[in-house]
Amino acid sequence: MKKILLFTLIITSFGCAQNSDKKMKKEKNNQVYAKLIKPETKTEWVSLFDGKTFNGWHQYNKSAISEAWVVEDGAMVFNPEKAIKFGKQAHDIVTDKEFTNFELSLEWKISEKGNSGLFWGVKEDPKFHSPYLTGPEIQVLDNERHPDAFIRPKYHQAGALYDIMQPMHDVCKPANEWNHFLLNINHKINRGTLKLNGTEILSFPLSGAEWEELISTCKFVDKSNKAYTEAPMFGKFKTGKIGLQDHRDKVSYRNIKIREL
């Protein structure tokens, strides 16, 4: 009987020691893993559009908002008919604030045969007459009808990093329907990503040799295209403003919010 009790005690002690050792190893592995993944620190979402006013926005290189932009049904809308009286003047708008590392969420709806775009990294300065001279653009387009969708198809379609990278998947809804962008720009890890309607369609570097290679033949920096040699600072600014493009077509944006990383 004593031998049985002694044997049971030895087995129990051995099992406890193994469990303790496994627990210590698991805790150690968890600590190592936590150090490796270093999750992003995200702040709370902040609204960039209250659905009623253009507070926080203004016309590029101007002090006020363009009259061509109006608020309708909780969305900011570019109305090309209101822009006619201003002639060829552009009506791109930008945020008052600048951002560096962030996640931007917004919904957009393009009219039939419409074209627009979302910029980031925009540097506002009189020597730059347009946001596209500094800020890369995510294309907003009617893929079924606009001519750009057929000239250089994938690189100019909705969700493309305009003239630089084509979307990996075609998940865009047609004209006059709401689409959703989730744009992540993180210079800490030198990576940008874009989700369209919940599907990741772009992943790209933000600087360095790989970025320079990507943009080397796009029309903004391609030295063989003389019309665009005026953009030597394209994609050079880590900190800049968010911009929405006037491309002479009706476009709507709503539920615009951002959180800094």
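Everything discussed here concerns the structure shown above.
Here we summarise the structure given alongside this text. None of the values given here were measured: they were computed from a predicted structure. (Residues numbered from 1 in each chain as written. Predicted model: local features only at pLDDT ≥ 70, side-chain atom pairs only at ≥ 80, totals over all residues. Heavy atoms only, no water.)

**Brief notes about the overall build of the protein chain**
Thought 1: The number of helices and strands found in the protein chain is five helices and 13 strands.
Thought 2: Out of the 261 residues belonging to the protein chain, those deemed buried represent 44%.
Thought 3: Here the analysis covers contacts within the protein chain between residues at least 6 apart in sequence; of these, 68% occur between residues at least 24 apart.
Thought 4: Counting every atom, the protein chain has about 14,500 Å² of accessible surface; 54% of that belongs to carbon and sulfur. (Helix = DSSP H or I, 4+ residues; strand = E, 2+ residues; numbered from the N terminus. Buried < 20%, exposed > 50% of the residue type's maximum accessible area, 1.4 Å probe, protein only. Contact = heavy atoms within 4.5 Å. Areas by Shrake-Rupley, 256 points an atom, 1.4 Å probe, with all protein chains shown as cover.)

**Structural notes on the nonpolar core**
Thought 1: Formed by 58 residues in total, the largest nonpolar core has its most connected members in M76, L104, W108, W120, Y253 and I256.
Thought 2: W108 has contacts with V140, L141, A158, C172, E177, W178, N179, F181, L196, S252 and Y253, leaving out every residue within four places of it along the chain. (Core = buried A, V, L, I, M, F, W, Y, C linked by side-chain atoms within 4.5 Å.)

**Regarding the environment of N61**
Thought 1: With respect to the secondary-structure elements, N61 resides in the loop between β2 (57-59) and β3 (69-72).
Thought 2: Assessed through its relative accessible area of 29%, N61 is described here as partly exposed.
Thought 3: Taking the C-alpha atoms as reference, N61 lies 9.2 Å from D92; in sequence the two are 31 residues apart.
Thought 4: Beyond its immediate stretch of four places on either side in the chain, N61 contacts E124, D125, P126, F128 and H129.

**Some thoughts on the packing of aromatic side chains**
Thought 1: Evaluated as defined, the whole model comprises 10 aromatic pairs.
Thought 2: Ring geometry for W108 against F181: centres 5.4 Å apart, planes inclined by 45°, an arrangement best described as tilted. Of the two residues, W108 is situated in strand β6 (residues 102-110) and F181 in strand β9 (residues 179-186); the sequence distance between them amounts to 73 residues. For the pair shown, W108 and F181 are each scored as buried.
Thought 3: Both rings, one in W120 and one in F204, keep their centres 5.8 Å apart while their planes meet at 35°; by these two values the pair is tilted. Highlighted residues: W120 in strand β7 (residues 115-122) and F204 in strand β11 (residues 199-204), separated in sequence by 84 residues.
Thought 4: Classification of W120 by relative accessible area gives buried; the value is 4%.
Thought 5: According to the relative accessible area criterion, F204 is buried, its value standing at 0%.
Thought 6: Through a chain of ring-to-ring contacts, the aromatic side chains of Y132, Y162, F220 and F234 assemble into a single cluster.
Thought 7: Sitting over the face of the ring of W178, R254 holds its NZ or CZ atom 3.9 Å from the ring centroid. (Phe/Tyr/Trp six-rings, centres within 6.5 Å; stacked < 30°, edge-to-face > 60°. Lys NZ or Arg CZ within 6 Å of the ring centre and 35° of its normal.)

Nothing here speaks to function; it is all geometry.
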